[in-house]
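Below, each chain spelled out in residue letters.
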Amino acid sequence: MSSSFGLDARLTAYVRSANRPEHPSQKRCRLETDAMGDVARMQISPEQGAFLQMCARLVRAKTAVEVGVFTGYSALSTILAMREMHGPEARLYGCDISEEYTGHAQLCWQDAGVDGQIDLRLGDARETLTGLVDEIGGSVDMVFIDADKSGYDAYYEAALQLLRPGGLVLFDNVLWSGSVADPDRCAEDADTGALKALADKVRDDVRVDMAFTTIGDGVLMALKR
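Reading the values: rules and limits
Residues numbered from 1 in each chain as written. Predicted model: local features only at pLDDT ≥ 70, side-chain atom pairs only at ≥ 80, totals over all residues. Heavy atoms only, no water. Pairing = 2+ DSSP bridges. Helix = DSSP H or I, 4+ residues; strand = E, 2+ residues; numbered from the N terminus. Axes fitted to C-alpha atoms, helices over the stretch in contact; angles between N-to-C directions. Buried < 20%, exposed > 50% of the residue type's maximum accessible area, 1.4 Å probe, protein only. Contact = heavy atoms within 4.5 Å. Nonpolar A, V, L, I, M, F, W, Y, C, P; charged D, E, K, R; others polar. Phe/Tyr/Trp six-rings, centres within 6.5 Å; stacked < 30°, edge-to-face > 60°.

Caption draft 1: Looking closely at the sheet that holds strand E4 (residues 140-145). Across the sheet, which stays open at both edges, the 7 strands sit in the order E3-E2-E1-E4-E5-E7-E6 with mixed pairing between neighbours. Looking at the sheet topology across the chains shown, the edges are occupied by strand E3 (118-122) and strand E6 (208-213). Strand-to-strand twist of the sheet, defined as the mean angle between neighbouring strand axes without regard to direction, takes the value 15°. Relative to E3, strand E2 (residues 91-96) runs parallel, the two being bridged by 5 bridges.

Quick look at the structure:
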């Protein structure tokens, strides 16, 4: 599991205790993913899950899209908040390329009783998002992107087509453990360079209002105008 960049163990524990307890299915999903070893670093932290839930509530999200599902914790966090607001009408579309990891996700969603409200699309997210734009373009309330960093620009453009005016898109890992502040790393590493380029683009994009935050490993937020 990831942890918030720059927080030591004591402060991390404090932040988590200051949030409300996870849903039992969230906790089970998180602990089972933690047991998978190093790959668990791709899972968002509980405080990020709480943040996603608050974002969903702030925009009254009824329809959401997630790019990069992994084992399902972030999607579960979001749909639980959406279900509280909208009941069975809440719907989340999840895009991922891994049958193995999303197999774990589907078990977590079944455990929480929300699997019928999550539409999982397996395949290249660029193609999947193109299909979703045709299906639900202009009606989505929130998009969360936590996938291959080199694809972030394409996912951003697709998100803007998916979102309604006032809809929110969030990108995870935009600090990349601090590498984005190192010009040499930005020049040498494609993922780091892509993240820096995206931050610059969103900052200057008149189509959105934005904030670059240090939650988790950095969350970039953009609200479609």
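Caption draft 2: Seen up close, the pairing of E4. Counting buried residues in E4 gives 6 out of 6 residues, a clear majority hidden from the surface. In the sheet, strand E1 (residues 63-67) pairs with E4 via 4 bridges, with the strands oriented parallel. Note on E4: the bridge partner recorded for Glu66 is Phe144. Across 5 bridges, E4 lies against strand E5 (residues 163-172) in parallel orientation.

Caption draft 3: Region of interest: the packing of helix H7 (residues 152-162) against helix H9 (residues 190-203). Interaxial distance between H7 and H9 falls to 9 Å at its minimum, and their mutual angle equals 30°. The residues of H9 that touch H7, namely those facing Tyr152, Asp153, Tyr156 and Glu157, are Leu195, Leu198, Lys201 and Val202. Of the residues belonging to the contact of H7 with H9, the class tally is 5 nonpolar, no polar and 3 charged.

Caption draft 4: Highlighting the packing of aromatic side chains. Evaluation of the coordinates by the stated rule reveals 3 aromatic pairs. Between Phe70 and Tyr101 the ring centres are 4.9 Å apart and the planes differ by 70°, which places this aromatic pair in the edge-to-face class. Taken together, the positions of Phe70 in the loop between E1 and helix H4 (73-86) and Tyr101 in helix H5 (residues 99-112) put the pair 31 residues apart, joining distant regions of the chain. The exposure class of Phe70 is buried, given its relative accessible area of 8%. For Tyr101, a relative accessible area of 22% corresponds to the partly exposed category.

Any functional reading would require information beyond the geometric quantities listed.
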